[in-house]
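# Fold and contact review
Single-letter residue listing:
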Amino acid sequence: MNKVLKYVFLAIIAVLIATVPLYSGAFITRFLIGVILYAIMAEGWNVIAGYTGYPSFGNVVFFGLGAYVTALCMINFHTPFILSLIFSSIAGALFAIIIGIPILRLKGHYFAIVTLGIGETMMAITFNVPFTGTGAGLSLPLASNPNLFYYVSLIVLVIFIVFLKFILSGRLGYGMIAVREDEDAAKMMGIDTVAVKIKAFAISGFFTAIAGGIYAYWSTFIDPPTVYDPVMSIKMIIMTVFGGAGTLLGPVAGAFIIIFLSDFLSTHFTILHTFFFGGLIVMTAIFLPKGLMDVLSQKGIGWKYFIENIRKHRV
Amino acid sequence: MNIIKGEKVTKSFSGLVALKNVDFELNKGEILGLIGPNGSGKTTLINVITGFYKPTSGKISYKNHDISGLSPHKISRLGIARTFQIVKPFMELTVLENVATAALFGRNIHIPKSQTRENAKSAIEAVGLYDKSSYKPGSLSIAELKKLEIAKAIALSPELLFLDESMAGLNLKETQTTMDLILKVREQRDLSIFFVEHVMKVVMGISDRIMVLHHGEKIADGKPNDIVNDENVIKAYLGKRYKRQKNA
Amino acid sequence: MFELQIIINGLLLGGLYALMAIGMSLIWGVTNVVNLAHGALIMLGAYTTFWLFKLLHLDPFISLAASFAVLFVFGFLIQKYIINFVIRAKMFITLLLTFGLDILITNVAQTAWTSNFRQTSPSYASNGFSYGIITVPYVRLAAFAISIALVFALYLFLKKTKTGQAIRAVSQDIDAARLMGINVANTFAVTFGIGAGLAGVAGSMIGVLIPITPHMGEILTLKSFVIALIGGLGTIFGPLVGGLFLGLVETFGSFHLGAKYADVIVFGILVATLIIKPTGILGKNNE
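Residues numbered from 1 in each chain as written. Chains lettered and ligands numbered in written order. Predicted model: local features only at pLDDT ≥ 70, side-chain atom pairs only at ≥ 80, totals over all residues.

Within chain C, the regular secondary structure consists of 11 helices and 2 strands. Helices (α) and strands (β) of chain C occur, in sequence order from the N terminus, as α-α-α-α-β-β-α-α-α-α-α-α-α. Projected onto its principal axes, the C-alpha positions of chain C cover 60 × 45 × 35 Å. Per-residue burial for chain C yields a buried fraction of 55% across its 287 residues. (Helix = DSSP H or I, 4+ residues; strand = E, 2+ residues; numbered from the N terminus. Buried ≥ 20, exposed ≤ 12 C-beta atoms within 10 Å, placed from the backbone.)

Have a look at this one:
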């Protein structure tokens, strides 16, 4: 009986979430689209970093690429939106494979910084090649129904989570976690670590690029500093880490809470908002390096938990 | 019939020769002990055989197939497993998850996932860590970590197992149980074992045959009793240390 | 003859680059933290000199000392009360933390001083001497000379002073250093302070050459990393070589391919170095 109740409850929640645009105003829908797009990106970072242990600091590169592919397809070839998104996702995955082959051999700081550099390089290149509109950016056609973006992004997020759950229960998922934990031991178990890393990076690039494509059509205007902004990479990271890296729903929770707080502060406490992201990152790194999900899984939590985190990590 | 065979295996690191024309052979079902002073190339030899390093020259064949220079994951999938001298547990996973991960790979790579669970459980039982299945490695003792390392290796369903100093850091009693464990596992799983060890008591106790490396070259290979009386071996390795152990 | 002018420009820029990066290299080598807030520290140095020049009419080359002092104290406090708390956490947590500091510092700077372009422009800013068709601006020459002098000063400091020896001991082996009675937490803080101070001095001089904005640091962090990487970790003269190399390549590259590709060249070098020789040109092996 309890189980039935639980499923009924979950089903009601699911219906409520799926129909938000029907009963809420444009403001809330807009806010939720932002949350969902960031949740997709954070989950994308989670795949390569949270599960596979390769902390990319330049995942925004897939977002930017996806945004540009969708924009260029829709402007130049009048490709339908959904088809453009598919092109974006393929471009994101292919780009991840191409850059992944050389850079996924790098470890630690080197991998992190080189990904940061690739983001900046793509921004510089986009600024300079003529068909991307250079620094002037690109304008997309207006969508007839703004609620479209809510449904599309929600469906993509749900597909991503279901897909990830499926992956995690199979050999690829176990392989990713083994690579994160100890790459040499993973190799010796017969795990093709190179293939595992490239697949994980491709999944990350695939979905992050879709988020970029949705964003492009949604915002109707893109330019290099917006869609290749390195701070976006950091937002994906902090949302995942805050929620819980290496957990399925942590990034979604992180995206929701952080965007909510950020929006709230920016409307009501503008000055505080200046300190928000930087401060949040510093506090999270010190007190919550394992994220919210880890806190929730503790029995009886108190000051000790946070002090223990500091004690373990300080010099 | 040999299961693995090396011919003139040589490995050098930017000019420095770590292994020089080493010939070796391990017969099916045999336990071969590899001894030698520190820096004599024991771990390097294991690393070369298991694919961590590519041999500079020479040929290694496993069941008469040339495997020299294959990548580690391919070698593992052929049925060769190893442990590491410095254990490499997956720190954020439980003992069961550690071994269950192993059971999905190695020679089991093509078996449906549902059939690998049993394999993981039996590997944990074999090493006697069943009670600790839900523990994380952080709360295990050194002896238990070494057992976990062995459990992960045998969960890969290997035919040939390399053990790199599985007894180092263990006390006498733990050493004894680990020795028994190795013999039992060999019986149950029809394994061939190639192991590196420092404790002569262990080497003498369980080896069918012993091979000695010195400065990257093989200086002796034979029955345990012949090895301990071999002039070269005594001079290079056993020396006073062994006599002291014997008298103690 | 043109080529000679480019070489001179490149070397002069490279000297300043070396100074900019040596702090990052030092901090990385000693504390194993890649400081992604390095560019923000450089930016703070630039503003320190700018405001001292603007409000007190202090010559930028005199205010270098003030810039060093301000940034040293700031860096010391950051390391001691923030970074030291996560130093043994996962590597990417330290990267995330310093990036957080970068965002924090940049946003505060933007709120306080707006995004307007500023420049420290003393009367002699555009003076120089010519030899044939070669021109050497005084400011660039002075910046180069001071940078090289400071690199050598750092070398002597690490070699000859007690604090310097403590820093070197900690970078070799933390536990052994502890046994010798060295306070590791404070040594880290001093190291970061010195790195920040040198970044500040570099920023002061950069602010005379290029416009100052709160966001000027982003690209400089990456350049510092590239230089530290090319030079290799744990060497003092590595960043010098790396800085001169990057200065030359960037100047040549922008001359032949156009200035807009300068950044692409920098990252091309980054990726190429990492793939060919991840330990840098002069580096010892180090994670």
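In terms of helices and strands, chain A carries 16 helices and 2 strands. For 315 residues, the compact-globule estimate of 2.2 N^0.38 gives 20 Å, and chain A sits close to it at 20 Å. In terms of overall dimensions, chain A has a C-alpha envelope of 55 × 50 × 45 Å along the principal axes. When burial is assessed residue by residue, chain A has 53% of its 315 residues classed as buried. (Rg over C-alpha atoms; globule rule 2.2 N^0.38 Å.)

Next up on the list: the interface of chain A and chain C. Opposite the 39 residues of chain A that make contact, chain C presents 39 residues. Taken together, the elements giving at least two residues each to the side of chain A that touches chain C come down to α6 (108-128), α12 (230-243), α14 (270-287) and α16 (303-313) of chain A. If you tally residues by element for the side of chain A that touches chain C, the top one is α6 of chain A, at 14 residues. When its residues are assigned to classes, the side of chain A that touches chain C shows 27 nonpolar, 9 polar and 3 charged. (Contact = placed C-beta atoms within 7 Å. Nonpolar A, V, L, I, M, F, W, Y, C, P; charged D, E, K, R; others polar.)

Residues and elements named next belong to chain B. Across the 5 residues that make up strand β8 (residues 192-196), a large majority, 5, are buried. Where burial is concerned, the two faces of β8 agree: the one with Ser192, Phe194 and Val196 and the one with Ile193 and Phe195 are both buried. Where strand β3 (residues 31-35) and β8 come together, 4 bridges link them in parallel fashion. Within the sheet, the bridge partner assigned to Leu34 lies in β8 and is Val196. Bridge analysis of strand β7 (residues 160-164) against β8 gives 5 bridges, and the strand direction is parallel. (Pairing = 2+ DSSP bridges.)

Here we come to the interface of chain A and chain B. Contacts between the two partners involve 16 residues from chain A, matched on the other side by 20 residues from chain B. Put simply, the parts of the chain that give the side of chain A that touches chain B at least two residues each are α8 (171-181) and α9 (183-188) of chain A. Here the element with the most residues in the side of chain A that touches chain B is α8 of chain A; it accounts for 5 residues. Classifying every residue of the side of chain A that touches chain B by side-chain character gives 7 nonpolar, 3 polar and 6 charged.

Residues and elements named next belong to chain C. Interhelical geometry of helix α2 (residues 38-56) versus helix α8 (residues 184-209) gives an angle of 55° and a closest axis separation of 6 Å. By the angle between their axes, α2 is oblique relative to α8. Considering the relative orientation of α2 and α8, their crossing is right-handed. Counted together, His38, Leu41, Ile42, Met43, Leu44, Gly45, Ala46, Thr48, Thr49 and Phe50 of α2 and Ala196, Ala199, Gly200, Val201, Ala202, Gly203, Ser204, Ile206 and Gly207 of α8 form the full contact between these two elements. The class makeup of the residues in the contact of α2 with α8 is 11 nonpolar, 8 polar and no charged. (Axes fitted to C-alpha atoms, helices over the stretch in contact; angles between N-to-C directions. Parallel < 35°, antiparallel > 145°, perpendicular 65-115°, else oblique. Left-handed = near helix turned anticlockwise from the far one by under 90°.)

With that out of the way, let us pick up the sheet that holds strand β10 (residues 217-222) of chain B. Residues and elements named next belong to chain B. Strand order in the open sheet formed by 6 strands is β6-β7-β8-β3-β9-β10, and the pairing between neighbours is mixed. Every interior strand has two partners, whereas the edge strands, β6 (80-82) and β10, have only one. Strand-to-strand twist in this sheet, taken as the mean axis angle between neighbours without regard to direction, amounts to 15°.

What follows covers the nonpolar core. Ile40 of chain A together with Leu96 of chain C are the most contacted members of the largest nonpolar core, which totals 272 residues. Residues lining this core come from more than one domain, with at least three contributed by each of domain 1 (1-78 + 161-169 + 192-248) and domain 2 (80-158) of chain B. Ignoring sequence-local partners within four residues, the contact set of Ile40 of chain A consists of Ser153, Val156, Leu157, Phe160, Phe207, Ile210 and Ala211 of chain A. (Core = buried A, V, L, I, M, F, W, Y, C linked by C-beta atoms within 7 Å. Domains from an automatic or database assignment.)

Right, let's talk about α8 of chain C for a bit. Compared with an ideal rise of 1.5 Å per residue, which puts 26 residues at 38 Å, α8 of chain C spans 38 Å between its outermost C-alpha atoms and is within 8% of the ideal. Of all 26 residues in α8 of chain C, 22 are buried; the element is thus mostly enclosed. (Expected span 1.5 Å × (residues − 1).)

Quick look at the environment of Phe68 of chain C now. Residue and element names in this part refer to chain C. Here Phe68 lies in helix α3 (residues 64-81). Spatially, the C-alpha atoms of Phe68 and Ala202 are 9.2 Å apart, while their sequence positions differ by 134 residues. Apart from residues no more than four positions distant in its own chain, Phe68 is found in contact with Gly197, Gly200 and Val201.

To continue, consider the packing of helix α9 (residues 217-231) of chain C against helix α10 (residues 238-257) of chain C. Residues and elements named next belong to chain C. Remark: α9 packs on α10, axes separated minimally by 7 Å, with the N-to-C direction vectors making an angle of 120°. In terms of axis orientation, α9 runs oblique to α10. As for how α9 packs across α10, the hand of that crossing is right-handed. In contact with Lys223, Val226, Ile227, Ala228, Ile230 and Gly231 of α9, α10 contributes Gly238, Pro239, Val241, Gly242, Gly243, Phe245 and Leu246. When grouped by side-chain class, the residues that make up the contact of α9 with α10 number 8 nonpolar, 4 polar and 1 charged.

Quick look at the sheet that holds strand β2 (residues 16-27) of chain B now. Residues and elements named next belong to chain B. In space, the 4 strands of this open sheet follow the order β2-β1-β4-β5, with antiparallel pairing throughout. Of all the strands in the sheet, the pair left with one neighbour each is β2 and β5 (65-66). Of the pairings in the sheet, the one linking strand β1 (residues 2-13) to β2 comprises 8 bridges and is antiparallel in character. Across the sheet, Lys11 pairs through a bridge with Leu19, a residue of β2.

Residue and element names in this part refer to chain C. An ideal rise of 1.5 Å per residue puts 21 Å on 15 residues; helix α11 (residues 262-276) measures up with 21 Å between its terminal C-alpha atoms. Here α11 has its buried residues at Asp263, Val266, Phe267, Ile269, Leu270, Thr273 and Leu274. Along the axis of α11, the buried positions cluster into a sector of 150°, meaning they face one direction only. Summarising the geometry of α11, the exposed residues directed more than 90 degrees from the buried face are Ala272 and Ile276. (Arc of directions from axis to C-beta.)

Let's shift gears to the arrangement of the chains. Among the 2 pairs of chains in contact, the pair with the most contacts is chains A and C. What separates chain B from chain C at the closest point of their C-alpha atoms is a distance of 13 Å, and the two make no contact.

This part takes up the confidence of the model for chain C. Residue and element names in this part refer to chain C. Mean pLDDT over chain C: 89, with 95% of residues reaching 70 or higher. Across residues 283-287 the pLDDT falls below 50, and counting only partners more than four positions away or on other chains, this stretch makes 13 contacts in the model. As scored by the predictor, the complex reaches a pTM of 0.90 and an ipTM of 0.88. (pLDDT = per-residue confidence, 0-100.)

All names here are of chain A. Relative to the helices and strands, Ile75 is located in helix α4 (residues 60-76). Sequence separation between Ile75 and Leu138 is 63 residues; the distance between their C-alpha atoms is 8.6 Å. With sequence-adjacent residues up to four places away left out, Ile75 is seen in contact with Leu138 and Leu140.

Residues and elements named next belong to chain B. The loop that links β1 with its antiparallel partner β2 comprises 2 residues; one of these, Ser14, has a positive phi angle of about 30°. Direction of pairing for β1 relative to strand β4 (residues 57-62): antiparallel, over a ladder of 5 bridges. From the neighbouring strand, Lys5 faces β4, where its bridge partner is Ser61.

On to unusual backbone geometry. Non-glycine residue Thr134 of chain A carries a positive phi angle of around 45°. Turning to its location among the elements, Thr134 of chain A is positioned in the loop between α6 and β1 (138-139). Notably, Lys63 of chain B is not glycine yet its phi reads approximately 50°, a positive angle. Locating Lys63 of chain B in the fold gives a position in the loop between β4 and β5.

Another point: the confidence of the model for chain A. For chain A, per-residue confidence averages 92 on the pLDDT scale, and 99% of positions sit at 70 or higher. Put simply, α16 of chain A is where chain A has its lowest mean pLDDT, 82, and helix α10 (residues 193-219) of chain A is where it has its highest, 97.

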